[in-house]
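One letter stands for each residue in the lines below.
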Amino acid sequence: MRNVEKRVVLHFPGFEPLDASLHRARYERSARQSAAAWDFSVAVDSLQNFGRAPYFDVNAKGADWQTHSRVHILDHNDLVAKLNGRPFFTRLVQGYLAAGRVVASGGMTGYFRHAWRFGLFFIFPFLLILVGLLLSLSIAFSPFLLGLPSWSHIGSIALAVAFFIYVFLPQAERLHTLHLFADWEMAVAMAGLNGIGAEQWIEACAISARQALDEPADEYVISSHSMGSSVAAHVIGLLLEREPALFQGKHVVFTTLGSAILQCALMRPAATLRSRVGLLASCREIFWLDIHCLTDAIHFYKAKVAAVCGHADAPQATIQFIRFKKMLSSKHYAKIKRDFLRVHRQYVLGPDVRAPFDFTLLTAGPLPASSFAAFTQTDMPELAFGPGNDSVRISSIGR
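None of these values were measured; they are calculated from a predicted model. All residue numbers here refer to positions counted from 1 along the written sequence of the relevant chain. Confidence filtering applies because this is a predicted model: local features only for residues at pLDDT of at least 70, side-chain atom pairs given and counted only at 80 or more, and all residues used for totals across whole chains, interfaces and linings. Hydrogens and waters are ignored; side-chain quantities use all the structure's heavy atoms.

## Notes on the nonpolar core
Among soluble globular proteins, nonpolar side chains are generally buried collectively.
Thinking step 1. The term nonpolar core refers to a set of buried residues drawn from Ala, Val, Leu, Ile, Met, Phe, Trp, Tyr and Cys, joined through side-chain atoms within 4.5 Å. For every residue, the accessible area obtained with a 1.4 Å probe (protein chains only) is divided by the maximum for its type, and the residue is called buried under 20%, exposed over 50%, and partly exposed between those limits. In this structure, W184 and F247 are the most contacted members of the largest nonpolar core, which totals 82 residues.
Thinking step 2. Tallying contributions element by element places helix 8 (residues 177-192) first for this core, with 11 residues.
Thinking step 3. Contacts of F247, omitting those with residues within four sequence positions, involve L213, I222, I236, L240, V252, C283, E285 and I286. In this text, helices come from DSSP runs of H or I with a minimum length of four residues, and strands from runs of E with a minimum of two, each type numbered from the N-terminal end. Note on contacts: a residue pair qualifies if any of its non-hydrogen atoms lie within 4.5 Å across the two residues.

Dropping the structure here:
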């Protein structure tokens, strides 16, 4: 197979409080880790304005290869900041209202049906805060339960408030609980295309994405992580609605990393999202690579997304299973394995060792992104080239 010399990447990050400049900084750190592991050089240029899709250029070079990639970041930090910037009690109430909408729209039932661990992820933050509120209420009403004088309620109520604000909440926030409340508000908005200006924001992203796709390249990679996969499906699906032949003559790879498309698509109001998933799956020019990891609870492990969205007859995404344990040193993996949010981010972070999956190589290396579908848990690519510097040689190296 021929090496990729020029690539355009549209990357849709997950639900994190990071703008494009911070995503670029993370990418640079991860690229340096990858370069050290694979013994190649990489240079990440500064961020350039490009509407809703600012970009930075990445130049990667090995002994016999060189690849230039332009990476556009279509982050939704504006929406994240808007949701997280409200008063505490507003976030609390709106989070529980979002949870109620998920349940009422059939989302929770779908989660437990298709990925029970994701169902537990859904109820976790709401159950945790509920426990804190019940503990605080028990403190407030302890004088009544103990038969103490009514005036003692003054002190117990003050103690209950102090416990919730200064003891319970700091511990809960170590698990990013209120951030997860906002995540579910975002999910409801992406499902129904209402609230927080979701539809207008997707429209703006689509305009910039369409302009980015005009750049000539050997390969176009649309990568998305977590919630970003729902955003990517909306944006690219919208473009296909308007231009069915948009990708004609292009080599396009749609890569979903720890995808949470079904987080939104399983809600009944998400008819538009499910339709756009069908357009993506049916587009002949798009190769859909869906990356799954057993130890990541925040995605729909083994689920066939297009089929679940009602498109069983459409070509299904190629699912590739990876293991974060194979990407990191034993010490590093032991440090993060109990932090489910940190584990979930590993798809887009750098490796400690050579492994069958590497986000930097997927988006900036010489191999076509679709070739990563061929690598198994015990095999990995060898970055070497055949005669004439025009073909990639892939060797299986036992791990």
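Once you've had a look at it, read on.
## Digging into a positive patch on the surface
Thinking step 1. Excluding any residue in a salt bridge, patches collect residues exceeding 30% relative accessible area, merging like charges within 9 Å and nonpolar Val, Leu, Ile, Met, Phe, Trp and Tyr side chains within 5 Å. The method behind every accessible area is Shrake-Rupley, applied with a 1.4 Å probe, and residues are considered shielded solely by the protein chains displayed. For this document, the term salt bridge refers to a Lys or Arg side-chain nitrogen within 4 Å of an Asp or Glu carboxyl oxygen. In this charge count, Lys and Arg are treated as positive and Asp and Glu as negative; neither His nor the chain ends contribute. Think of each charge as sitting on NZ of Lys, CZ of Arg, CG of Asp or CD of Glu. The grouping of R323, K325, K337 and R338 at the surface amounts to a positive patch.
Thinking step 2. The topology assignment puts R323 in the loop between strand 8 (318-322) and helix 14 (330-336).

## With respect to the layout of surface pockets
Where empty space is left can be seen by rolling a probe of water-molecule size over the atoms.
Thinking step 1. As a volume, the largest pocket reaches approximately 330 Å³.
Thinking step 2. For the largest pocket, the lining is made up of 21 residues, of which F15, E16, H179, L341 and R345 are closest to its centre.
Thinking step 3. Note on residue categories: nonpolar means Ala, Val, Leu, Ile, Met, Phe, Trp, Tyr, Cys or Pro, charged means Asp, Glu, Lys or Arg, and polar means any other residue, Gly included. Of the residues belonging to the lining of the largest pocket, the class tally is 10 nonpolar, seven polar and four charged.
Thinking step 4. Points on a 1 Å grid, built from protein atoms alone, make a cavity when a 1.4 Å probe fits but cannot get out and make a pocket when they are open with protein on both sides within 12 Å along at least 5 of 7 lines; residues with an atom within 4 Å of a point are the lining residues. Grid points are joined across faces, edges and corners, and a volume is the space filled by probe spheres set on the points. In this structure, the second largest pocket occupies an estimated 220 Å³ of space.

## Observations regarding the confidence of the model for the protein chain
Thinking step 1. A residue's pLDDT is simply how confident the predictor is in it, with values from 0 to 100. Within the protein chain, residue pLDDT values average 91, and 93% of them lie at 70 or more.
Thinking step 2. Every residue in residues 383-399 is under pLDDT 50, and counting partners more than four places away or in other chains gives 52 contacts.

## Remarks on the packing of aromatic side chains
Thinking step 1. Any Phe, Tyr or Trp ring, taking Trp's six-membered ring, that has another such ring centre within 6.5 Å forms a pair; planes under 30 degrees apart are called stacked, those over 60 apart edge-to-face, and the others tilted. What the rule picks out here adds up to 25 aromatic pairs.
Thinking step 2. Judged by centre distance (5.5 Å) and plane angle (55°), the rings of F40 and W65 are tilted. Placement of the pair is F40 in the loop between helix 1 (20-38) and strand 2 (41-44) and W65 in the loop between strand 3 (55-61) and strand 4 (66-73), with a sequence separation of 25 residues. As far as the burial class goes, F40 and W65 line up, both buried.

## Considerations on helix 8
Thinking step 1. The length a helix should cover is 1.5 Å for every residue beyond the first. For helix 8, spanning 16 residues, the distance from its first C-alpha to its last is 23 Å, which sits close to the expected 22 Å at 1.5 Å a residue.
Thinking step 2. In terms of burial, helix 8 is largely enclosed, as 15 of its 16 residues are buried.

## Let's talk about unusual backbone geometry
Thinking step 1. Of note, D39 is a non-glycine position whose phi angle comes to about 65°, a positive value.
Thinking step 2. Relative to the helices and strands, D39 is located in the loop between helix 1 and strand 2.

## Concerning the pairing of strand 3
Thinking step 1. Judged by how many residues are buried, strand 3 sits mostly within the fold: five of seven residues are covered.
Thinking step 2. In this sheet, strand 3 lies alongside strand 2 in antiparallel orientation, the contact comprising four bridges. Looking at strand 3, one finds that V44 is bridged to V58.
Thinking step 3. Across seven bridges, the pairing between strand 3 and strand 4 is antiparallel. Counterpart to N59 in the pairing with strand 4 is H68.
Thinking step 4. At least two bridges found by DSSP between two strands are what make those strands a pair. Linking strand 3 to strand 4, which pair antiparallel, is a turn of four residues.

## Some words on empty space enclosed by the protein
Thinking step 1. Applying the stated criterion across every chain, the model contains two cavities of 30 Å³ or more.
Thinking step 2. Here the largest cavity is characterised by a volume of approximately 90 Å³.
Thinking step 3. Taken together, H11, P13, G14, E16, H23, R26, Y27, I73, H225, V348 and F359 make up the full set of residues lining the largest cavity.
Thinking step 4. Broken down by element, the lining of the largest cavity gets its largest block of residues, three residues, from helix 1.
Thinking step 5. For the lining of the largest cavity, the residue count by class is five nonpolar, four polar and two charged.

## Overview of the sheet that holds strand 2
Thinking step 1. On the basis of which strands lie adjacent, the open sheet formed by eight strands has the order 2-3-4-1-5-6-7-8 and mixed pairing. Among the strands making up the open sheet, the edge pair consists of strand 2 and strand 8. Taken over all neighbouring pairs, the strand axes of this sheet differ in orientation by 20° on average, direction set aside.
Thinking step 2. Of the strand pairs in this sheet, strand 7 (residues 286-293) and strand 8 are connected by five bridges, and their pairing is parallel. Looking across to strand 8, one finds that I291 is bridged to Q320.
Thinking step 3. Here helix 10 (residues 227-242) sits on the sheet in contact with strand 1 (6-12), strand 5 (219-225), strand 6 (252-257) and strand 7, set at roughly 140° to strand 5. Axis definition: a line fitted to C-alpha atoms, limited for helices to the stretch in contact. Angles are taken between N-to-C directions and run from 0 to 180 degrees.

## A look at the packing of helix 5 (residues 116-140) against helix 7 (residues 153-173)
For any two helices packed against each other, the geometry comes down to the angle between their axes and how far apart the axes lie.
Thinking step 1. Close contact between helix 5 and helix 7 brings their axes to 7 Å; oriented N to C, the two are set at 155°. The orientation of helix 5 with respect to helix 7, classified from their angle, is roughly antiparallel. Remark: the crossing between helix 5 and helix 7 carries right-handed chirality. Contact with helix 5, carried on its side by L128, I129, G132, L133, L135, S136, I139 and A140, involves H153, S156, I157, L159, A160, F163, F164, F168, L169 and A172 of helix 7 and no other residues of that element.
Thinking step 2. Looking at the contact of helix 5 with helix 7 residue by residue, the class counts come to 14 nonpolar, four polar and no charged. Any angle between 65 and 115 degrees counts as roughly perpendicular, while under 35 counts as roughly parallel, over 145 as roughly antiparallel, and the rest as oblique. The sense of a crossing depends on the near helix, which, turned anticlockwise from the far helix by less than a right angle, makes the crossing left-handed and, turned clockwise, makes it right-handed.

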